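The lines below spell out each chain.
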Amino acid sequence: MKKLLLIVALAAFGVAQGQGYYYIKKAGTADAFDWLPTTNGSTKIMDKPNNDVMTSSQTLPFSFMFHGNSFGSFKASDNGYITFDATASISDNSNATLPDASQPNNAIFGFWADLELKAAPNAQFPVGIYTMTSGTSPNRIYTIEWFGPSRKGVAIVGNPDAIAFAVRLYEAGGFDIVHGGPYGGSNFKGLVGLQDNGTNATMVTGDTNFTFTAATSIASKDAIVYSFNSGTQPDWDASVTKLNFITDYGMTTIPVTGTLANYGKNGITSFDINYSVDGGATVTKNITGVNIQGSGMGSYNFT
């Protein structure tokens with residue numbers, strides 16, 4: 001069987017990124033929770049109906065580091081965010097541009113918008129905010145899931161009228177914001193990201209009107225994962241996420257196709273694919289005239 005060795009070399013342009021944390025967008029699955037929270041041993045911390053309400057203080061199963069500070073508890077808002085600020089008492093629905101010290105501080109915004117928890121026509125639809133701990137120490141994951149919140153004052157008629165998303169806190173450091181389930185659509189716009197005490201913030205795409213992306217089916221557990229890490233994002237971090245080539249070796253030319261994802265800080269404007277077959281001479285294919293966004297927000301299909 002022929003073996004293919006592939007290496008990618010890049011050229012790029014710079015893009016701005018928030019201080020403290022950076023994010024990477026990845027496709028994934030909702031395997032840390034399953035979009036049907038009543039079946040997975042989770043705990044409900046807010047029920048329907050509720051509007052512009054904060055939960056009481058919730059104890060974390062481990063200390064969580066956020067912007068250099070250790071926190072042991074949080075409060076959740078029906079408007080799509082959590083805050084580690086023990087003094088917070090108002091559930092803010094403004095989804096204003098960050099950083100802004102007058103907005104929720106020490107907060108992670110799973111999907112910050114003017115949302116509410118209300119009943120759906122299907123009485124079995126388990127609208128609420130849930131929590132769950134998975135894994136074993138020192139690598140536990142604590143998940144806060146909003147299941148079925150909807151836009152304030154808009155009735156739930158079908159799946160496009162509700163959304164499901166979660167914040168996953170990692171005991172080892174960092175966190176994910178996960179959007180998934182066959183819910184929501186272009187009518188849902190909000191802010192996804194984080195803020196410390198109002199000095200530093202990171203917003204996904206820098207947008208307060210970010211459109212929620214629904215998955216294809218509940219069975220597939222499709223999800224979009226925004227993975228947040230503290231520190232400095234690498235300038236260059238490209239990855240070949242798909243690679244295919246036809247195994248009919250009777251062909252004179254064997255087409256090779258794949259997908260390049262860009263997880264670095266800088267956008268990619270051109271790249272070289274260097275490959276060899278069975279350890280033979282290196283062949284270089286130059287790809288130019290592209291503009292692949294960083295942080296996983298862009299990808300490129302090559303042949």
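What you are looking at is a predicted structure, and each value in this text was computed from that prediction instead of being measured.

The rules we used
- Residues numbered from 1 in each chain as written.
- Predicted model: local features only at pLDDT ≥ 70, side-chain atom pairs only at ≥ 80, totals over all residues.
- Heavy atoms only, no water.
- Helix = DSSP H or I, 4+ residues; strand = E, 2+ residues; numbered from the N terminus.
- Buried < 20%, exposed > 50% of the residue type's maximum accessible area, 1.4 Å probe, protein only.
- Contact = heavy atoms within 4.5 Å.
- Areas by Shrake-Rupley, 256 points an atom, 1.4 Å probe, with all protein chains shown as cover.
- Pairing = 2+ DSSP bridges.
- Core = buried A, V, L, I, M, F, W, Y, C linked by side-chain atoms within 4.5 Å.

> Which residues make up the overall build of the chain, and what values go with them?
The number of helices and strands found in the chain is zero helices and 23 strands. Burial statistics for the chain: of 303 residues in total, 47% are counted as buried. Across the chain, the fraction of contacts at a sequence separation of at least 24, relative to all contacts at a separation of at least 6, is 67%. On the chain, roughly 13,700 Å² of surface is accessible, and the fraction owed to carbon and sulfur atoms is 49%.

> Give a detailed account of the sheet that holds strand 9 (residues 115-117), specifying residues and quantitative values.
One open sheet accounts for three strands, arranged 4-9-12; its pairing is antiparallel. In this open sheet, the two edge strands, each paired with only one partner strand, are strand 4 (50-51) and strand 12 (150-151). Note: strand 9 against strand 12, two bridges, orientation antiparallel. From the neighbouring strand, E116 faces strand 12, where its bridge partner is S150.

> Describe the nonpolar core, with residues and values.
Here is a general trend for soluble globular proteins: nonpolar side chains tend to be buried in one another's company. With 46 residues, the main nonpolar core has F84, I108, L169 and F175 as its most contacted residues. Excluding anything up to four places from it in sequence, L169 contacts L60, F62, F64, F84, I108, R140, I141, Y142, I144, G174 and F175. In terms of nonpolar packing, the next biggest core, distinct from the first, is built from 10 residues, M54, W112, A201 and M203 among them.

> Residues and numbers for unusual backbone geometry, please.
A cis geometry characterises the amide bond from K48 onward to P49, with omega recorded as -10°. Structurally, P49 can be placed in the loop between strand 3 (43-47) and strand 4. The residue after L98, namely P99, is reached through a cis peptide bond having omega 5°. Notably, N106 is not glycine yet its phi reads approximately 45°, a positive angle. Relative to the helices and strands, N106 is located in the loop between strand 7 (81-83) and strand 8 (107-112). The phi dihedral of S295 falls on the positive side, at around 60°, and the residue is not glycine. Looking at where S295 falls in the secondary structure, it is placed in the loop between strand 22 (283-287) and strand 23 (299-302). Given a relative accessible area of 4%, S295 falls into the buried group.

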